[in-house]
Amino acid sequence: MGFFERALLEAVLAGGVAGLVGTFVVLRRRAFFTTALTHATFPGAVVAAVLGVSVVLGAAVFSIALVALMTLISRVREQGAQVAAGVVLTFGFALGALLQSANPSLPISVESFLVGSILTVGWGDITLTAAMFAIAAIVIALRGRHLVFSTVDELGYRAAGYRPWVAEATIVALIAGTVVVIMPAIGAILAIALIVGPAVAARQLVSSTNAVLVLAPLIGAASAVAGVFLSRAFSIAAGGAITVVIALAVGACVLIGRMLRPRTARRGAPQPSRTPRTLVGS
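These figures come from a predicted structure and were not determined experimentally.

## Quick word on the overall build of the protein
When helices and strands are tallied, the protein shows 11 helices and zero strands. In sequence order, the secondary structure elements of the protein are arranged as α-α-α-α-α-α-α-α-α-α-α. Among the 282 residues that make up the protein, the fraction classed as buried is 48%. Pairs at least 24 residues apart make up 75% of the contacts formed inside the protein by residues separated by at least 6 positions. Split by element, the accessible area of the protein, about 13,400 Å² in all, is 66% carbon and sulfur.

## Quick word on helix α9 (residues 191-205)
G197 marks the point of greatest bend in α9, at about 25°, and the proline P198 comes within the next four residues. Most of α9 is tucked away, with 11 of its 15 residues classed as buried. Within the span of α9, buried status applies to A191, I192, A193, L194, I195, V196, G197, P198, A199, A201 and A202.

## Digging into a nonpolar patch on the surface
Taken together, the side chains of V50, L51, V53, L57 and V61 define a hydrophobic patch exposed on the protein surface, amounting to about 450 Å² of accessible area. Counting only elements with at least two residues in the nonpolar patch, the list comes to α2 (31-51) and α3 (55-74). Positionally, V61 belongs in helix α3.

## Notes on unusual backbone geometry
Residue R29 is not a glycine yet carries a positive backbone phi of 55°. Tracing the backbone shows R29 in the loop between α1 (3-27) and α2. We classify R29 as exposed; its relative accessible area is 73%. Positioned with a positive phi, S235 is a non-glycine residue whose angle comes to about 55°. As for its position among the elements, S235 is in the loop between α10 (209-234) and α11 (238-266). Residue S235 is classed as exposed on the basis of its relative accessible area, which comes to 69%.

## A word on the packing of α1 against helix α8 (residues 164-186)
The contact between α1 and α8 brings their axes to 10 Å, and the two run at 150°. Put simply, α1 runs roughly antiparallel to α8. As for how α1 packs across α8, the hand of that crossing is left-handed. For the pair α1 and α8, the contacting residues are E10, A14, V17, A18, V21, F24 and V25 in the first and I171, L174, I175, T178, V181, I182 and A185 in the second. Considering only residue class, the contact of α1 with α8 consists of 12 nonpolar, one polar and one charged.

## Details of the packing of aromatic side chains
Tallying each qualifying case throughout the model produces three aromatic pairs. Look at F149 and Y157: their rings are 5.3 Å apart centre to centre, the planes differ by 90°, and that puts the pair in the edge-to-face class. In this structure, F149 and Y157 share a single accessibility class: buried. Three or more aromatic residues link up through ring pairs in this structure, and these residues are F149, Y157 and Y162.

## Digging into the nonpolar core
Grouped together as the largest cluster of nonpolar side chains are 64 residues, with contacts concentrated most on L37, I118, I175, I182, L194, V228 and I242. If one sorts the elements of this core by residue count, α1 sits on top with 13 residues. When sequence neighbours within four positions are dropped, the list of residues in contact with L37 reads S63, V67, M70, I175, A176 and V179.

## What to know about the pattern of salt bridges
Applying the stated rule across the entire model yields two salt bridges. With its nearest N and O atoms 2.6 Å apart, the salt bridge here joins E168 to R28. Placement of the pair is E168 in helix α8 and R28 in the loop between α1 and α2, with a sequence separation of 140 residues. What emerges from the salt-bridge pattern is a single network uniting R28, R30 and E168.

## As for the side chain of S208
Residue placement: S208 occurs in the loop between α9 and α10. One polar contact links the side chain of S208 to the main-chain amide nitrogen of N210, over a distance of 3.2 Å.

## Here's the deal with the confidence of the model for the protein
For the protein, the mean per-residue pLDDT works out to 82, and 86% of the residues sit at or above 70. Scored below 50 in pLDDT, residues 275-282 makes 20 contacts in the model with residues more than four places away or belonging to other chains.

## Examining the environment of L218
Secondary-structure assignment places L218 in helix α10. A residue is classified by how much of its surface remains accessible, and L218, at 53% relative accessible area, is exposed. Each C-alpha atom of the pair L218 and A199 lies 9.9 Å from the other, and the pair is 19 residues apart in sequence.

The rules behind the values
Residues numbered from 1 in each chain as written. Predicted model: local features only at pLDDT ≥ 70, side-chain atom pairs only at ≥ 80, totals over all residues. Heavy atoms only, no water. Helix = DSSP H or I, 4+ residues; strand = E, 2+ residues; numbered from the N terminus. Buried < 20%, exposed > 50% of the residue type's maximum accessible area, 1.4 Å probe, protein only. Contact = heavy atoms within 4.5 Å. Areas by Shrake-Rupley, 256 points an atom, 1.4 Å probe, with all protein chains shown as cover. Bend = angle between axes of the 7 residues up to and from the residue. Patch = residues over 30% accessible without salt bridge, like charges linked within 9 Å, V, L, I, M, F, W, Y side chains within 5 Å. Salt bridge = Lys/Arg side-chain N within 4 Å of Asp/Glu carboxyl O. Axes fitted to C-alpha atoms, helices over the stretch in contact; angles between N-to-C directions. Parallel < 35°, antiparallel > 145°, perpendicular 65-115°, else oblique. Left-handed = near helix turned anticlockwise from the far one by under 90°. Nonpolar A, V, L, I, M, F, W, Y, C, P; charged D, E, K, R; others polar. Phe/Tyr/Trp six-rings, centres within 6.5 Å; stacked < 30°, edge-to-face > 60°. Core = buried A, V, L, I, M, F, W, Y, C linked by side-chain atoms within 4.5 Å. Polar contact = N/O pair within 3.5 Å; in protein donor to acceptor, adjacent residues only side chain to side chain. pLDDT = per-residue confidence, 0-100.

Shown next, in the form of structure tokens:
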């Protein structure tokens with residue numbers, strides 16, 4: 001494969017895993033947490049470049065450390081998850097900028113950390129993204145009912161004898177893994193659009209969580225591929241093009257969803273609930 005074909009393959013995989021995991025980001029209202037995590041991988045990538053090791057490895061190590069930091073801050077009295085995410089977001093991005101300024105002769109362009117460089121991905125990047133896609137699909141296939149149950153009714157989940165922290169840790173691990181593997185292609189800043197956008201778009205069209213888990217990866221993959229083609233056609237940045245396509249897709253799905261709901265109501269059928277039906281008991 002040439003560089004463009006590799007970019008298309010990475011777009012399909014990155015969009016697919018981002019849409020799949022992004023469904024739980026949206027359901028659990030973890031968009032700000034995910035934004036903080038995407039920005040917090042920036043200093044890890046810079047440190048890895050300085051040391052001459054894998055950028056993905058550096059981002060992964062920092063993501064683990066900063067998830068732990070967010071957890072500790074969120075447990076401080078009178079603080080919360082939003083405050084913790086805000087602190088980590090600004091700390092991570094500022095630390096990355098500081099490290100970059102202290103090492104102006106980095107062997108890798110800093111811009112590629114921030115907005116990605118999908119046209120330069122190698123087989124190592126593609127393999128990691130494919131592996132993360134497979135892991136996410138397997139975990140959701142095996143534990144999806146528990147993850148959704150804990151999301152929509154944590155008290156009921158606890159009362160049923162389950163441990164909510166296990167489901168929470170599983171989802172956080174999936175989010176962190178997705179952020180890390182798509183960063184080389186999409187970047188630390190733009191990754192949040194690919195993770196959240198497809199799930200938001202899918203929820204405008206379908207109300208079942210099962211359907212969102214199928215539709216969101218398709219929207220993510222299609223948007224990423226369209227962005228890569230636009231990048232080549234107009235000689236523009238691929239990361240920016242992908243993000244714009246996702247934003248347009250969300251807007252289009254919102255309009256389509258609003259047009260479909262009144263039509264459904266006129267037929268006498270109940271309108272789709274804003275709270276997706278769960279996998280539990282299905």
